[in-house]
Amino acid sequence: MKWESEQVGGSHYKTMKIQPLEYALENGLGVCEHAVVKYVSRWKTKGGIQDLEKARHYIDILIERESKRCR
């Protein structure tokens, strides 16, 4: 069984053509970038506004880390 065909705890990724994890792995995204893709991809079918807030939290982390790096 391929990992893409199994989902533990819900079905919110099953309807997607490309799962967020597959997208992140294929494009070399980091942990925070993957989290943003994941939460934005599922907000309508799982967590609602809370998922958008989680995505924003990870974006804030990315902005803070990149701001420190560019100083």
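The sections below set out a description of the structure shown in this document. In this text, all values refer to a predicted model and were calculated from it rather than measured experimentally.

Overview of the overall build of the chain
For step 1, the next point in the chain: Secondary structure assignment for the chain yields three helices and zero strands.
For step 2, the next point in the chain: What you see in the chain, going N to C, is helices and strands ordered as α-α-α.
For step 3, the next point in the chain: Counting across all 71 residues of the chain, residues that qualify as buried make up 20%.
For step 4, the next point in the chain: Excluding contacts between residues fewer than 6 apart, the proportion of contacts in the chain whose partners are at least 24 apart in sequence is 24%.
For step 5, the next point in the chain: A total of about 5,600 Å² of accessible surface is found on the chain, and carbon and sulfur atoms cover 54% of it.

Some thoughts on the packing of helix α2 (residues 31–42) against helix α3 (residues 49–69)
Geometry of a packed helix pair, given as the angle between the helix axes and the separation of the axes.
For step 1, the next point in the chain: In the contact formed by α2 and α3, the axes pass within 8 Å of each other and the chain directions differ by 160°. With respect to each other, α2 and α3 are oriented roughly antiparallel. For the pair α2 and α3, the crossing hand works out as left-handed. The residues of α3 that touch α2, namely those facing C32, E33, A35, V36, Y39, V40 and R42, are D51, K54, A55, Y58, I59, I61 and L62.

Cut-offs and rules
Residues numbered from 1 in each chain as written. Predicted model: local features only at pLDDT ≥ 70, side-chain atom pairs only at ≥ 80, totals over all residues. Heavy atoms only, no water. Helix = DSSP H or I, 4+ residues; strand = E, 2+ residues; numbered from the N terminus. Buried < 20%, exposed > 50% of the residue type's maximum accessible area, 1.4 Å probe, protein only. Contact = heavy atoms within 4.5 Å. Areas by Shrake-Rupley, 256 points an atom, 1.4 Å probe, with all protein chains shown as cover. Axes fitted to C-alpha atoms, helices over the stretch in contact; angles between N-to-C directions. Parallel < 35°, antiparallel > 145°, perpendicular 65-115°, else oblique. Left-handed = near helix turned anticlockwise from the far one by under 90°.

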